[in-house]
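# Observations on the model geometry
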Amino acid sequence: MAEESDYTLTQFKNSVTKLGSSTQGYGDATLMRFLIARSMDSDKAAKMFVQWRKWRDTMVPNGFISDSEVPDELETRKIFLQGLSQDKFPLMIVQACRHFPSKDQNQFKKFIVHLLDKTIASAFKGREIGNEKLIGVLDLQNIGYKNVDARGLITGFQFLQSYYPERLAKCYILHMPWFFVSVWRLVSSFLDKATQEKIVIISNEDERKKFIDEVGEEILPEEYGGRAKLVAIQDFEVTPQENGRTN
């Protein structure tokens, strides 16, 4: 099995070279995420990797998105970063009632990159391995129609699928109101099967207890059945990533 993986990785690297790019500076754990996302098809994975590199160079030329680039999105204090789960995955919480559809789509896209990069970076100290994953919680409690942003949700999940392959461990959706069901149906139509399988909609007490057990009371805020306090993402200190390079 190991020999097969080594062979596929070699094929993948050769395919990237043929496309005029390079895997130099990226560890095998990073490259494997692209292969897994493309069902171990080295050519398709290479194409995805090259597109990702071009996207990162354009979207994140400095290697990270600073707080100063996304002031409007940070001002609402709607994203929280809570530390590592039972399985050592960083936990990010989105309180949708604090969100409003952005008038500046460029800043919103940068904000998605900012929060995903920072969440991933919180999973390690020192050097990134490349296979770190995250847990997301989308809390829909107290949302109104003014908070509904199907376009924003679709953009977020598409970024995860296209530019953060195999980064999502699980996404929990809490307190979904009846009027949001049709919105979620629309958003789901843009998600691939692998992403949909990682999404859990909590709808009863047994599911809520399982959610608490899986994430861990130590890092879950009191509002969600844990013992921690909410920590806004801008108050959480991490070392910025360097465009995914691991060595």
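Bear in mind that the values here come from a model prediction, so they are computed numbers and not experimental data.

## Remarks on the pattern of salt bridges
- Counting across every chain of the model gives 14 salt bridges.
- With a closest N to O distance of 2.5 Å, Glu73 and Lys78 form a salt bridge.

## Notes on helix 6 (residues 150–163)
- In this model helix 6 runs 19 Å from its N-terminal to its C-terminal C-alpha over 14 residues, within 8% of the 20 Å that 1.5 Å per residue would give.
- With 10 of its 14 residues buried, helix 6 lies for the most part within the structure.
- Among all positions of helix 6, only Ala150, Gly152, Leu153, Ile154, Thr155, Gly156, Phe157, Phe159, Leu160 and Gln161 are buried.

## Concerning the nonpolar core
- Counting residues in hydrophobic clusters, the biggest one holds 55 residues, and the most contacted among them are Phe12, Phe49, Val113, Phe157, Trp184 and Val187.
- Setting aside its immediate chain neighbours within four residues, Phe12 contacts Thr23, Leu31, Phe34, Leu35, Ser42, Ala45, Ala46 and Phe49.
- Of all hydrophobic cores here, the second largest spans 16 residues; its members include Phe80, Ile135, Val215 and Ile219.

## Focus on the sheet that holds strand 2 (residues 90–95)
- Taken together, the 5 strands give an open sheet; going across it, the order is 1-2-3-4-5, and neighbouring strands pair in mixed fashion. Each end of this open sheet is capped by a strand with a single partner; those strands are strand 1 (79–84) and strand 5 (199–201). With direction set aside, neighbouring strand axes in the sheet form an average angle of 20°.
- Taken together, the 4 bridges between strand 1 and strand 2 define a ladder with antiparallel strand orientation. The partner of Phe80 across the bridge, within strand 2, is Ile93.

## Describing the pairing of strand 2
- Most of strand 2 sits out of view: 5 of its 6 residues are buried.
- Hairpin connection of strand 1 to strand 2: 5 residues between the antiparallel strands, including Lys88 at a positive phi of 70°.
- Looking at chain direction, strand 2 and strand 3 (residues 134–139) are connected through 5 bridges and run parallel. Its bridge partner being in strand 3, Gln95 is matched across the sheet by Asp139.
- Assessed by its sense of winding, the connection that carries the chain from strand 2 through helix 5 (residues 105–121) to strand 3 is right-handed.

## Concerning the pairing of strand 3
- Most of strand 3 sits inside the fold, with 6 of its 6 residues counted as buried.
- Burial of the side chains of strand 3 extends over both faces: Leu134, Gly136 and Leu138 are buried on one face and Ile135, Val137 and Asp139 on the other.
- With 6 bridges connecting them, strand 3 and strand 4 (residues 168–174) associate as parallel partners. Note on strand 4: the bridge partner recorded for Leu134 is Leu168.

Criteria and cut-off values
Residues numbered from 1 in each chain as written. Predicted model: local features only at pLDDT ≥ 70, side-chain atom pairs only at ≥ 80, totals over all residues. Heavy atoms only, no water. Salt bridge = Lys/Arg side-chain N within 4 Å of Asp/Glu carboxyl O. Helix = DSSP H or I, 4+ residues; strand = E, 2+ residues; numbered from the N terminus. Expected span 1.5 Å × (residues − 1). Buried < 20%, exposed > 50% of the residue type's maximum accessible area, 1.4 Å probe, protein only. Core = buried A, V, L, I, M, F, W, Y, C linked by side-chain atoms within 4.5 Å. Contact = heavy atoms within 4.5 Å. Pairing = 2+ DSSP bridges. Axes fitted to C-alpha atoms, helices over the stretch in contact; angles between N-to-C directions. Right-handed = clockwise from strand over helix to strand, strands pointing away.

Function-wise, these values are silent; they only describe arrangement.
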